[in-house]
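Below are the chains, spelled out letter by letter.
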Amino acid sequence: MSLYSAGVEYGIHCLLFLVDERGDSREASVRDMAELQGVPQEYLAKVFTKLAKAGLVAATEGVRGGFRLARPSDEITVLDIVRAIDGNKSIFECRDIRGRCALFEGSPPDWALEGTCSVHAVMLTAQKRMEEALAQQTILDIARRVGRKVPADFGAQVAEWMEERQQNRTGGDSIPLVNLPD
């Protein structure tokens, strides 16, 4: 079982498509991003609701509207996206097993429960390091890595694909932000 939801992966990939070759924001609809990546449109709309509430994307109005980055791409970290979509998840839940030893016969001594559980402390350190690593990576960092990997004309192809859909869009086909329970 993965720690983060599929929404986190979808959100990161979508924000990458909102960054152009220069690192500037481009606009795209949820419908177009869902179609481009082969992901469920309705689920992606929920993801974008969360991203918008967190101030990571901003909705644009009109028939050709969609979303754009609300902040510069070098200021949006992977941790920002994770927290916007999945909230503050703990990677470990301490169940206080240290106090359940059979030798304690249901009454653990003070020394057994004193301070933070050593196992929990290790997990807290691991979570802190993971979150530090996610906070150090921005959407622009990932976009640049992707840019080095893809063919030189791929960015232009994506931009052209999105522009075609924007120009052909008629009223009423965009998916509104939805407020559904988490």
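Being a predicted model, the structure only gives us computed values, none of them experimental.

**Points about empty space enclosed by the protein**
Throughout the structure, instances matching the rule amount to one cavity of 30 Å³ or more. Approximately 30 Å³ is the volume found for the largest cavity. Taken together, Y4, L79, V82, R83, G87, N88, K89 and E131 make up the lining of the largest cavity. With three residues, helix α4 (residues 78-86) is the single largest residue contributor to the lining of the largest cavity. Of the residues assigned to the lining of the largest cavity, the class counts are three nonpolar, two polar and three charged.

**Some remarks on the confidence of the model for the protein**
On average, the protein scores 89 in pLDDT, and the residues at 70 or more come to 91%. Within the protein, α4 carries the highest mean pLDDT (97), whereas helix α8 (residues 154-168) carries the lowest (86). In this model residues 171-182 is a low-confidence stretch, pLDDT under 50, and it forms 16 contacts with partners more than four residues away in sequence or in other chains.

**Things to note about the pattern of salt bridges**
For the structure on display, the rule yields ten salt bridges. Of the charged contacts in the structure, one is a salt bridge between D20 and R22, with a shortest N-O distance of 3.0 Å. Here K89 and D86 are joined by a salt bridge, their closest N and O atoms 3.7 Å apart. For K89, a relative accessible area of 31% gives the class partly exposed.

Conventions and cut-offs
- Residue indices begin from 1 for each chain and proceed along its sequence in written order.
- Owing to the predicted nature of the model, reporting of local features is limited to residues with pLDDT of at least 70; listing and counting of side-chain atom pairs is limited to 80 or more, with chain, interface and lining totals taken over all residues.
- Computation of side-chain values covers all heavy atoms of the structure but excludes hydrogens and water.
- A cavity here means a set of points on a 1 Å grid, drawn over the protein atoms and nothing else, where a 1.4 Å probe fits but cannot get out; a pocket is an open set with protein on both sides within 12 Å along at least five of seven lines, and a residue lines either one if it has an atom within 4 Å of a point.
- Grid points are joined across faces, edges and corners, and a volume is the space filled by probe spheres set on the points.
- Secondary structure is summarised from DSSP: a helix means a run of H or I of at least four residues, a strand means a run of E of at least two, and numbering begins at the N terminus for each.
- Residue classes follow a fixed rule: Ala, Val, Leu, Ile, Met, Phe, Trp, Tyr, Cys and Pro count as nonpolar, while Asp, Glu, Lys and Arg count as charged, and any other residue, Gly among them, counts as polar.
- By definition, pLDDT measures how confident the predictor is in each residue, and it falls between 0 and 100.
- In this description, contact between two residues means that some pair of their heavy atoms is separated by no more than 4.5 Å.
- Put simply, a salt bridge is a Lys or Arg side-chain nitrogen that is within 4 Å of an Asp or Glu carboxyl oxygen.
- Type-normalised accessible area, obtained with a 1.4 Å probe on protein chains alone, sets the label of each residue: buried when under 20%, exposed when over 50%, and partly exposed for intermediate values.

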